[in-house]
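Residue-level listing of the chains:
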Amino acid sequence: QVHLVESGGGLVQAGNSLKLSCAASGGPLSDYIMAWFRQPPGKEREWVALISWRGDTTDDWGSVKGRFTISRDNAKNAVYLQMNSLKPEDTAPYYCAGTRQLAGAPPFREVDFGSWGQGTQVTVSA
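Calculation criteria
- Residues numbered from 1 in each chain as written.
- Predicted model: local features only at pLDDT ≥ 70, side-chain atom pairs only at ≥ 80, totals over all residues.
- Heavy atoms only, no water.
- Buried < 20%, exposed > 50% of the residue type's maximum accessible area, 1.4 Å probe, protein only.
- Helix = DSSP H or I, 4+ residues; strand = E, 2+ residues; numbered from the N terminus.
- Pairing = 2+ DSSP bridges.
- Lys, Arg positive; Asp, Glu negative; His and termini not counted.
- Salt bridge = Lys/Arg side-chain N within 4 Å of Asp/Glu carboxyl O.
- Polar contact = N/O pair within 3.5 Å; in protein donor to acceptor, adjacent residues only side chain to side chain.
- Contact = heavy atoms within 4.5 Å.

1. A look at the pairing of strand β8 (residues 78-83)
Then, number 1: In terms of residue burial, β8 counts as a mostly covered element, since five of its six residues are buried.
Then, number 2: Pairing of strand β3 (residues 18-25) with β8 involves six bridges; the strand directions are antiparallel. The residue of β8 that forms the bridge with Ala 23 is Ala 78.
Then, number 3: As paired strands, strand β7 (residues 68-73) and β8 are joined by six bridges and run antiparallel to one another.

Quick look at the structure:
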């Protein structure tokens with residue numbers, strides 16, 4: 001079991017960028033497929049991006065297509081989410097999640113992941 005802690009959230013103006021970090025402890029992150037989720041106000045938790053054990057990424061999906069990039073550094077036991085061209089609609093707490101095994105296809109769901117961070121708040125002003 002791995003413990004995940006997100007950081008890097010904050011308040012930014014629309015059009016600007018922000019980079020989130022997810023630090024892992026209690027296990028090698030290389031054993032986990034990692035993902036970022038978010039939960040905008042009044043909505044269910046939404047999958048944003050995915051990265052495999054080997055670094056293959058799925059981050060061009062839906063509303064974040066062309067704007068967000070997921071990456072990982074297994075040596076540092078960390079996962080990142082680079083967010084560019086931020087919009088007010090991106091405002092949400094963002095969560096890092098991990099799973100050793102994953103079946104199916106995007107979009108992924110909260111129940112597909114067993115390890116979760118506590119979230120970091122991203123707020124984008126108009």
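2. Digging into the side chain of Glu 6
Then, number 1: By the element assignment, Glu 6 lies in strand β1 (residues 3-7).
Then, number 2: One buried charged residue, Glu 6, remains without a salt bridge, the closest side chain of opposite sign being Arg 45 at 7.3 Å.
Then, number 3: A polar atom in the side chain of Glu 6 sits 2.9 Å from the backbone nitrogen of Gln 118.
Then, number 4: Within polar-contact distance, the side chain of Glu 6 engages the backbone nitrogen of Gly 119 at 2.8 Å.
Then, number 5: If we ignore the near neighbours within four places in the chain, the residues touching Glu 6 are Ser 21, Cys 22, Trp 36, Tyr 94, Tyr 95, Cys 96, Gly 117, Gln 118, Gly 119 and Thr 120.

3. Points about the pairing of β3
Then, number 1: Of the two faces of β3, only the one carrying Leu 18, Leu 20, Cys 22 and Ala 24 is buried; Lys 19, Ser 21, Ala 23 and Ser 25 on the other face are not.
Then, number 2: Note that β1 and β3 share five bridges and pair antiparallel. Within β3, the residue paired with Val 5 across the bridge is Ala 23.

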